[in-house]
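# Understanding the architecture of this molecule
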Amino acid sequence: MILKSYMWTAPSWFTLDEVAQINEHAQTVPLDQGRTGNAFEDPDGDNTNEGMNSEIRQSKVKWFTPEYRMPQNIVDRINEACTQGMQECGWNFNLGFIENFQYTIYDFDENKPTGDFYTWHTDHGGEVRHEDNGIPLQEPNHRKISMTIQLSDPNDYEGGKFQWLEPNQQFDRIKFGDKKIDIDKAVRTLPFSAQQKGSICLFPSFLYHQVTPVTRGTRISIVGWYNGPQWT
């Protein structure tokens with residue numbers, strides 16, 4: 001799908017008090033290891049090693065399940081951002097519910113080969129959801145919009161850059177016989193303004209993206225996924 005825009009950002013969408021509120025709420029939530037998708041039916045509730053692959057993802061997470069529900073004022077602001085971003089980007093996706101939010105921690109650890117990271121992936125790989133927190137849905141759903149909220153000051157860490165791929169300009173210019181694609185020309189990096197504490201970004205869940213290794217300090221964010229009726 002070719003879109004006129006693949007990323008929407010709103011620098012400092014949340015106030016510092018709201019960021020502090022999110023971080024304070026996260027202190028009550030159990031810590032778990034970051035996992036890769038599609039490993040088991042309930043990625044929010046299983047504490048086994050299933051779905052863990054340190055060559056693909058290395059991070060720690062906290063799940064804001066119904067027991068640890070995100071404060072409603074924060075959810076309202078996230079929904080406002082989604083509405084505005086959808087309108088400005090012209091995505092017009094049919095959305096229903098948003099999944100449990102994930103509080104994600106990327107650390108630098110000198111005792112590991114590299115700082116925490118998450119290699120290239122999409123948030124929607126074709127998986128169909130038939131329930132929301134155990135409640136059956138009237139129709140199958142797909143992830144359609146992903147969002148990230150920056151909770152760390154960019155001066156508190158190095159590395160940990162949020163990047164995504166936009167290869168369509170290269171593909172549109174491929175000539176017969178061309179055999180190489182320069183992936184570096186397709187990489188886009190979230191601008192510094194959008195990495196300020198309290199900033200939010202939205203993007204289609206089928207977009208390939210990554211977080212590069214953290215080389216100093218700690219990067220913390222909230223991620224979430226809006227679902228909607230199955231793509232047809």
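Look up: the structure comes first, before these words.
Residues numbered from 1 in each chain as written. Predicted model: local features only at pLDDT ≥ 70, side-chain atom pairs only at ≥ 80, totals over all residues. Heavy atoms only, no water.

## A look at the nonpolar core
Counting residues in each nonpolar core, the largest one holds 46 residues, and the members touching the most others are Trp8, Met70, Ile78, Trp91, Tyr103, Ile200 and Ile222. Considering every element that reaches this core, the biggest residue donor is helix α2 (residues 72–89), with seven residues. With near-sequence residues (within four places) excluded, Ile222 lies in contact with Ile22, Phe64, Met70, Phe101, Gln102, Tyr103, Met147, Thr148, Ile149 and Leu151. (Core = buried A, V, L, I, M, F, W, Y, C linked by side-chain atoms within 4.5 Å. Buried < 20%, exposed > 50% of the residue type's maximum accessible area, 1.4 Å probe, protein only. Helix = DSSP H or I, 4+ residues; strand = E, 2+ residues; numbered from the N terminus. Contact = heavy atoms within 4.5 Å.)

## Considerations on the side chain of Lys60
For Lys60, the position within the fold is in strand β4 (residues 60–64). Within the local environment of Lys60, its side chain forms a polar contact with the side chain of Asp107, the two groups lying 2.9 Å apart. In this structure, Lys60 is in contact with Leu31, Asp32, Gln33, Gly34, Tyr103, Thr104, Ile105, Asp107 and Asp116, ignoring residues within four places of it in sequence. (Polar contact = N/O pair within 3.5 Å; in protein donor to acceptor, adjacent residues only side chain to side chain.)

## Structural notes on the packing of helix α1 (residues 16–26) against α2
The relative placement of two packed helices is expressed as an angle between their axes plus a distance between the axes. Following both chains from N to C, one finds α1 and α2 inclined at 120°, their axes separated by 10 Å at the closest point. Comparing the axis directions of α1 and α2 gives the class oblique. Crossing handedness for the pair α1 and α2: left-handed. Contact residues: Glu18, Gln21 and Ile22 in α1; Asn73, Ile74 and Arg77 in α2. (Axes fitted to C-alpha atoms, helices over the stretch in contact; angles between N-to-C directions. Parallel < 35°, antiparallel > 145°, perpendicular 65-115°, else oblique. Left-handed = near helix turned anticlockwise from the far one by under 90°.)

## A closer look at the state of the cysteines
Applying the stated criterion across every chain, the model contains zero disulfides. Counting only cysteine sulfurs, Cys82 is the nearest neighbor of Cys89, a cysteine outside any disulfide, at a range of 10 Å. The buried category is assigned to Cys89, whose relative accessible area is 6%. Cys201 forms no disulfide, and the closest cysteine sulfur to it belongs to Cys89, at a distance of 11 Å. (Disulfide = S-S within 2.5 Å.)

## With respect to α1
Within the span of α1, buried status applies to Glu18, Val19, Ile22, His25 and Ala26. Down the axis of α1, the sector holding all buried residues measures 125°, keeping them to one side. Across α1 from its buried face, at more than 90 degrees, point the exposed residues Leu16, Asp17 and Glu24. Tucked into the core, α1 has its buried residues touching β4, α2, β5 (101–107) and β14 (214–229). (Arc of directions from axis to C-beta.)

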